[in-house]
Amino acid sequence: MPKRLWGNLALGAVTLAYPAVVYFSLGRFEPRWLALLLLAIALVRLGLGRTVATWGVVAVALTLAILSWLGNALMPVKLYPVAVNVFMLVMFASTLIHPPSAVERLARLREPDLPEVAIAYTRKVTFVWCGFFLLNGSMALATTVWGTEAQWALYNGAIAYVLMGVIAVVEWLVRQRVRGSAAAVSMPGRPHA
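Residues numbered from 1 in each chain as written. Predicted model: local features only at pLDDT ≥ 70, side-chain atom pairs only at ≥ 80, totals over all residues. Heavy atoms only, no water.

A. Broad picture of the overall build of the chain. Each helix and strand in the chain was counted, giving 8 helices and 0 strands. Secondary structure elements in the chain, listed N-terminal to C-terminal, are α-α-α-α-α-α-α-α. Seen through its C-alpha atoms, the chain measures out along the principal axes to roughly 70 × 35 × 35 Å. Looking at the chain as a whole, 33% of its 193 residues are labelled buried. If you sum the accessible surface of the chain, you get close to 11,600 Å²; carbon and sulfur atoms cover 73% of it. (Helix = DSSP H or I, 4+ residues; strand = E, 2+ residues; numbered from the N terminus. Buried < 20%, exposed > 50% of the residue type's maximum accessible area, 1.4 Å probe, protein only. Areas by Shrake-Rupley, 256 points an atom, 1.4 Å probe, with all protein chains shown as cover.)

Here it is as structure tokens:
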């Protein structure tokens, strides 16, 4: 397998395992040692590429790792999912102010010549993801501040990923319908649905 694919798999594994590793490390390791996990995430991300988004997530991870290390505090380690959601919300929302939208940019990687209906659709999907990052970040913060370690790990290590998957599947289904409707409208002599 190519090096980049291995890197993406490693990043995915570390990111998915992060809440569980933190949870099962409680009482076994001091929080400052858990900060090394944040450092590992930052290094893997840097190894995969150096985009603005990558540098932003790396800066967040390093800041939280340093705070956790210096204060031997668990809170900065637990704030990582909150910080990532805030960062993603800012990144996606900023593309709504300065188009093209984040989802349009991703769509153009596969389909450079998007029709107007697709551009409008990608903007709506970007709004949906902004809403998700806002709500998900709020729940991550609530579990960090008021929840138990088990609730934090369950939400940030499982429920948040299930919700992301549900949104992705629903969006894919809606996209197929939108494409079908757009194709039906663009075909001459065919009745409009």
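Don't stop here, the text continues.
B. Representation of the nonpolar core within the structure. Grouped together as the largest cluster of nonpolar side chains are 22 residues, with contacts concentrated most on Y18, V22, L38, V77 and Y80. For this core, the element with the most residues is helix α2 (residues 31-48), which contributes 8 residues. With residues near it in sequence (within four places) discarded, V77 still touches Y18, V22, P31, L34, A35, L38, S68 and W152. Core analysis: the next-biggest nonpolar cluster, separate from the first, contains 10 residues, F92, V103, Y121 and C130 among them. (Core = buried A, V, L, I, M, F, W, Y, C linked by side-chain atoms within 4.5 Å. Contact = heavy atoms within 4.5 Å.)

C. Looking closely at a nonpolar patch on the surface. Residues F29, W33, L36, L39, L43, L62, I66, W69 and L70 make up a contiguous nonpolar surface patch of about 890 Å² in total accessible area. Going through the elements one at a time, α2 and α3 (52-71) are the ones with two or more residues in the nonpolar patch. Residue placement: W69 occurs in helix α3. (Patch = residues over 30% accessible without salt bridge, like charges linked within 9 Å, V, L, I, M, F, W, Y side chains within 5 Å. Salt bridge = Lys/Arg side-chain N within 4 Å of Asp/Glu carboxyl O.)

D. A look at the packing of helix α6 (residues 102-110) against helix α7 (residues 116-145). Interhelical geometry of α6 versus α7 gives an angle of 125° and a closest axis separation of 7 Å. Judged on the interaxial angle alone, α7 and α6 are oblique. In contact with A102, V103, E104, A107 and R108 of α6, α7 contributes I119, T122, V125, T126 and W129. (Axes fitted to C-alpha atoms, helices over the stretch in contact; angles between N-to-C directions. Parallel < 35°, antiparallel > 145°, perpendicular 65-115°, else oblique.)

E. Quick peek at α2. Between its terminal C-alpha atoms α2 stretches 27 Å, which fits the 26 Å expected from 18 residues at 1.5 Å a residue. For α2, the complete set of buried residues consists of P31, L34, A35, L37, L38, I41, A42, L46 and L48. (Expected span 1.5 Å × (residues − 1).)

F. Spatial organisation of the side chain of T54. Note that T54 resides in helix α3. Of the residues examined, T54 reaches a relative accessible area of 15% and is grouped as buried. A polar contact of 2.9 Å, which involves the side chain of T54, links it to the side chain of T51. For T54, the residues in contact, after removing those within four places along its chain, are R45, L46 and G49. (Polar contact = N/O pair within 3.5 Å; in protein donor to acceptor, adjacent residues only side chain to side chain.)

G. Spatial organisation of the packing of α3 against helix α5 (residues 80-97). Close contact between α3 and α5 brings their axes to 10 Å; oriented N to C, the two are set at 155°. Judged by the angle between their axes, α3 and α5 are roughly antiparallel. In this structure, α3 meets α5 at a crossing whose hand is right-handed. Across from V52, A53, G56, V57, V60, A61 and L64 in α3, the residues of α5 making contact are Y80, A83, F87 and M91. (Left-handed = near helix turned anticlockwise from the far one by under 90°.)

H. Spatial organisation of the environment of H98. Within the secondary structure, H98 sits in the loop between α5 and α6. Look at H98 and you get exposed, because its relative accessible area is 56%. In sequence terms H98 and A65 are 33 residues apart; their C-alpha atoms lie 32 Å from each other.

Structural measurements only, silent on function.
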